[in-house]
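Working through the structure, step by step
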Amino acid sequence: MVLAISFLEAPLKFRAPGVTVPIGLGIGRLVFRALNAVEAIFAVVVVVTLVAGTPTTAVFVTAVLAVVVLAVQLGGIRPVLNRRSDRVLAGEELPRSRAHLGYIATEVIKVAALVVTGVLAVTGLS
């Protein structure tokens, strides 16, 4: 889901004919709100599974990293992006946002942590 939305849908929607920045922002806010809600539910499931199970140290560390990165995104970066998009939707012309770069960087880290966690969990490598 993260790969499809963050790295495909998000940048491509602005290239679609007739999609203005305000329309793209409105769509993006809805899509990312839904994605983040599902991610938060999955994060709770991961934490419960970690607590209830006996994961290897490597699985534990990479899974916790993914959850912490999500928390940083939801608590730190998304509010900044939401305030900025509110201003753009209100008609302000703003320069590119560094918060977007932070969000992209954390998405890359989160995806890497999820992939490594999955590989470690399935293969039993530690």
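Remember, it's a predicted structure, so these values are computed and weren't measured experimentally. (Residues numbered from 1 in each chain as written. Predicted model: local features only at pLDDT ≥ 70, side-chain atom pairs only at ≥ 80, totals over all residues. Heavy atoms only, no water.)

**Some details on the packing of aromatic side chains**
Convention followed: Only the six-membered ring of Trp is used, alongside the rings of Phe and Tyr, when aromatic pairs are assigned; centres must lie within 6.5 Å, and planes under 30 degrees apart are stacked while those over 60 apart are edge-to-face, with the rest tilted. Numbering goes from the N terminus for both helices and strands, where a helix is a DSSP run of H or I of at least four residues and a strand is a run of E of at least two. Partly exposed describes any residue whose relative accessible area lies between the buried limit of under 20% and the exposed limit of over 50%, with all areas from a 1.4 Å probe on protein chains only and scaled to the type maximum.
For the structure on display, the rule yields one aromatic pair. Seen in terms of ring centroids, Phe 32 and Tyr 103 are 5.8 Å apart; in terms of plane orientation they differ by 85°. Their pairing is edge-to-face. Residue Phe 32 is located in helix α2 (residues 21-52), and its partner Tyr 103 is located in helix α4 (residues 98-123); the two are separated by 71 residues in the primary sequence. Comparing Phe 32 with Tyr 103, the two get one shared label, buried.

**Quick word on the packing of α2 against helix α3 (residues 57-89)**
Rule in force here: Here the axes come from fitting lines to C-alpha atoms, over the contacting stretch only for helices, and the angles between their N-to-C directions go from 0 to 180 degrees. Oblique is the label for every angle not falling under 35 degrees (roughly parallel), over 145 degrees (roughly antiparallel), or within 65 to 115 degrees (roughly perpendicular). Helix crossings fall into two classes, left-handed where the near helix is turned counterclockwise from the far one by less than a right angle and right-handed where it is turned clockwise. Note that Gly is not counted as nonpolar here; it falls among the polar residues with everything else outside the nonpolar set of Ala, Val, Leu, Ile, Met, Phe, Trp, Tyr, Cys and Pro and the charged set of Asp, Glu, Lys and Arg.
Interaxial distance between α2 and α3 falls to 10 Å at its minimum, and their mutual angle equals 155°. As summarised for this structure, α2 and α3 are arranged roughly antiparallel, according to the angle between their axes. Handedness of the crossing formed by α2 with α3: left-handed. Each residue belonging to the contact of α2 with α3 can be placed in one class, and the counts come to 17 nonpolar, three polar and five charged.

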